[in-house]
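Tertiary structure, described
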Amino acid sequence: MTIFLRNRRAGAAATATALALASLAALAGTATPASASGRVTTAGPATTATALAPEPAAAPKPASPAASASPAPGDPAVPSALTLPRPTGPYATGRDTLFLTDHERTDPWVPAAGARRLLMSLHYPARPGSGGDPAPYMPEAEARLMLAQRGLDDPEWPGLVAATRTSSRTDARPAPGRFPLVLLSPGFGTPRATLTGLAEELASRGYVVATADHPYESTGTELPDGRVLTCAACDEVDAQPDEAGRRKVLAAVSAGRAADFSFLLDRLTGPRPAWRHARTIDARRVGMAGHSIGGNAAASTMAADRRVDAGVTMDGTFFDPVAARGLDGRPFLMLGTDPGHAPGAGDTSWDEGWARLDGFKRWLTVRDSGHFTFTDTPAIGEQLGIVDPAAPLSAARSTAITRAYVTAFFDRSLRGRPARLLDGPTPAHPEVLFQRP
């Protein structure tokens, strides 16, 4: 696989950086993040930790910082600001952030840190014209660690990515009414911010969306006090002697996220909710979607918590298998790359999971897509001049397909609305293949 930086200076440094980018684009559902390191203070007692995430077996080694290309002065390929595609629904959107502690659980990856702590972004339908400034995308420290993991050490890029313009306003007043809740879980080693575009789209279409960061499972999670937690779970995967051991740890990641989301549901919909606008949530209608291991977590959460009515995996391997009993007739959508997640392809967990799903279900694959097609990565990468010939689907098509099918699925499953898009192929989305094994 070769990845090119469009309109960048040619030379050995640019080539090295391009090869390093393969560690991002080559990540498949079974892969784990490429190496990332950084000294940080954990939440434990005055300790420091350096997180080293494992590399995908087939991915090139990340380039050293010295090999990374920098933009030429005045390079027109370097944008002055990055933007996410605007949501298309009828509602304006607001965003809040919650930092919650589950005192009933010790953190599974760093027990010395004490109780499990979770950061969550809440996007919601808002009254037009209300609220303050646009919500920030992600902290610069998180952006720097995420880019370093992918071998991207351009000194300007962390600031650009962190300052990506979103469409949601802080302190916006909620729109009147009660709305279904959708939970979102990011990929392993990936910050929650990378699902912002999908969260904003769903909120603009009348959903409250709760996107969680799972501490010690991301390249970087910045706490409200400024401390940054890195990927201790990646260390655990990397320490395993074989593939079976790695898969066992990743299954524990998915099952642990199910416990995270059960706790978050308690705090959002229980008798003493933690969110100031919790009254806008209709707790009788709850869905969950996730990217990569977050998609596996959607199935794990449904198996563990009957309150979740429908689920979506976006290119996620079922390390924690779909429950043998099924999901009690609840609907589930599998949306992934083609051919990587086609029937009989490399990820046999989808064939096994499909056979166990016992409610309304769809298995869709997308031509020319890559593992990160279903996140903000295509939109941001395209603006930075990143081109991956192995995943040529444009950012515009990646965004349109992900939004259309995830929204249609939740409209059908949580609102009982017709969703003809899920009935079969359509000329509007020729890249989407309906698999019927």
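Before going into details, it helps to say that this report is about the structure given with it. From a predicted model like this one, the values you see are computed outputs, not experimental measurements.

1. Quick notes on the overall build of the protein
A tally of helices and strands in the protein yields 10 helices and 16 strands. Pairs at least 24 apart in sequence give 74% of the contacts found in the protein among residues at least 6 apart.

2. A look at the packing of helix α6 (residues 243–269) against helix α7 (residues 293–304)
Close contact between α6 and α7 brings their axes to 8 Å; oriented N to C, the two are set at 55 degrees. Here α6 lies oblique to α7, going by the angle between them. Crossing of α6 over α7 shows right-handed handedness. Along the contact surface, α6 presents L250, V253, S254, A255, R257, A258 and F261, while α7 presents I293, G294, N296, A297, S300, T301 and A304. The residue makeup of the contact of α6 with α7, split by class, is eight nonpolar, five polar and one charged.

3. Quick word on the nonpolar core
With 39 residues, the main nonpolar core has L181, L183, L268, W275 and F332 as its most contacted residues. Listed in part, the 30 residues of the second largest apolar core include V182, L184, L393 and V406.

4. Remarks on the environment of A299
Checked against the element boundaries, A299 lands in helix α7. Looking at A299, the relative accessible area reads 5%, which means it is buried. A299 sits 33 residues away from F332 along the chain, and the two C-alpha atoms are 8.2 Å apart.

5. Let's talk about unusual backbone geometry
With an omega of 15 degrees, the peptide bond between D338 and P339 qualifies as cis. Along the chain, the position of P339 falls in the loop between β13 (332–338) and α8 (348–356). Its identity is not glycine, yet D315 carries a phi of approximately 65 degrees, on the positive side. Here D315 shows up in the loop between β12 (310–314) and β13. You can call D315 buried: its relative accessible area is 1%.

6. As for the side chain of S398
Residue position: S398 is located in helix α10 (residues 395–415). Each residue touching S398, except ones within four places of it in the same chain, is listed here: T373, P378 and L393.

7. Points about the state of the cysteines
Throughout the structure, instances matching the rule amount to one disulfide. Each sulfur in the disulfide pair C231 and C234 lies 2.0 Å from the other. Every disulfide takes its handedness from the sign of the S-S torsion; for C231 and C234 that torsion is 70 degrees, giving right-handed. Of the residues examined, C234 reaches a relative accessible area of 1% and is grouped as buried.

Calculation criteria
Residues numbered from 1 in each chain as written. Predicted model: local features only at pLDDT ≥ 70, side-chain atom pairs only at ≥ 80, totals over all residues. Heavy atoms only, no water. Helix = DSSP H or I, 4+ residues; strand = E, 2+ residues; numbered from the N terminus. Contact = heavy atoms within 4.5 Å. Axes fitted to C-alpha atoms, helices over the stretch in contact; angles between N-to-C directions. Parallel < 35°, antiparallel > 145°, perpendicular 65-115°, else oblique. Left-handed = near helix turned anticlockwise from the far one by under 90°. Nonpolar A, V, L, I, M, F, W, Y, C, P; charged D, E, K, R; others polar. Core = buried A, V, L, I, M, F, W, Y, C linked by side-chain atoms within 4.5 Å. Buried < 20%, exposed > 50% of the residue type's maximum accessible area, 1.4 Å probe, protein only. Disulfide = S-S within 2.5 Å.

Any functional reading would require information that these geometric values do not contain.
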